[in-house]
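Summary of the model geometry
If you want the building blocks of each chain, they are given just below.
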Amino acid sequence: MNPLIAPSILASDFANLQKEVEMLNRSEADFIHVDIMDGVFVPNISFGIPVTESIHKHAKKPLDVHLMIVRPDDYLESFRKAGAEILTVHLEVCTHLHRTLQAIKQLGAKAGVAINPHTPVSFLSEVIEEIDLVCVMSVNPGFGGQKFIENTYSKVSRLKDLIVSKNSKTLIEVDGGVNLTNAPQLFQAGADVLVAGSFVFNSSDPIQIISQLKESVF
């Protein structure tokens with residue numbers, strides 16, 4: 001499949017959020033990645049349902065909503081109504097992950113699961129066929145602009161092997177420290193979707209950077 005790029009709106013200029021979303025609409029981005037942080041599961045607070053609704057109001061690309069929060073089940077319906085087309089929860093906070101995945105699908109959204117750098121891929125083996133997207137964290141979640149963790153390449157490869165062995169159609173997304181240097185290796189390892197925040201929005205030409213990331217697989 002063609003490589004997919006999901007710019008993280010967390011790194012955008014919040015004072016000009018509408019313009020940033022409209023810029024992504026004009027770009028080759030496939031999703032708009034929306035990081036929801038509660039200050040409990042991760043040591044930072046980003047934004048919630050009202051801002052997600054505002055982004056959706058102007059977005060022409062699907063919202064890829066990443067819930068870095070405790071008790072995500074309590075908010076699935078609200079974020080779905082706010083415009084989320086992909087809802088990703090963290091394995092580390094889901095006591096009944098299978099139930100959560102079913103709840104997301106019943107809402108009509110794609111079901112995603114994120115795993116932190118310390119979480120083994122094998123923890124997903126019993127539910128991989130129920131997952132539409134696995135978000136492999138290549139930094140410790142909570143802040144943008146962190147250094148990419150090199151172990152991610154082998155982790156993505158192991159996850160790809162698991163997906164193939166189960167004959168699943170699960171997409172692999174990588175989130176954190178993505179740039180033009182590591183993007184080709186990540187695609188080669190088996191990644192389908194790359195999340196890029198600071199690397200896109202801190203550049204002089206975000207649209208060009210998004211295009212270059214998509215082309216880096218070739």
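One can find the structure itself at the top, above this paragraph.
Here the structure is a predicted model, which means the values were calculated and not measured.

Turning to its location among the elements, Ser216 is positioned in the segment after helix 8 (206-215). For the pair Ser216 and Leu180, spaced 36 residues apart in sequence, the C-alpha separation works out to 6.9 Å. Excluding anything up to four places from it in sequence, Ser216 contacts Ala183, Pro184 and Phe187. Within the structure, Ser216 has its side chain in polar contact with the backbone oxygen of Leu213 (distance 2.6 Å).

Among all positions of helix 1 (residues 17-26), only Leu17, Glu20, Val21, Met23, Leu24 and Asn25 are buried. Of the surrounding secondary structure, the elements contacted by the buried residues of helix 1 are strand 1 (4-7), strand 2 (32-37), helix 2 (49-58), helix 7 (198-201) and helix 8.

With that out of the way, let us pick up the pattern of salt bridges. Counted according to the given criterion, the structure contains three salt bridges. For the salt bridge of Asp30 with Lys214, the shortest nitrogen-to-oxygen distance reads 2.8 Å. On the criterion of sequence distance, the pair formed by Asp30 in the loop between helix 1 and strand 2 and Lys214 in helix 8 is long-range, its members being 184 residues apart. Looking at Lys214, the relative accessible area reads 14%, which means it is buried. Among the salt bridges present, the one from Arg71 reaches Asp74, with a minimum N-O distance of 2.3 Å. The class of Asp74 is partly exposed, set by a relative accessible area of 48%.

Thresholds, definitions, all that
- Residues numbered from 1 in each chain as written.
- Predicted model: local features only at pLDDT ≥ 70, side-chain atom pairs only at ≥ 80, totals over all residues.
- Heavy atoms only, no water.
- Helix = DSSP H or I, 4+ residues; strand = E, 2+ residues; numbered from the N terminus.
- Contact = heavy atoms within 4.5 Å.
- Polar contact = N/O pair within 3.5 Å; in protein donor to acceptor, adjacent residues only side chain to side chain.
- Buried < 20%, exposed > 50% of the residue type's maximum accessible area, 1.4 Å probe, protein only.
- Salt bridge = Lys/Arg side-chain N within 4 Å of Asp/Glu carboxyl O.

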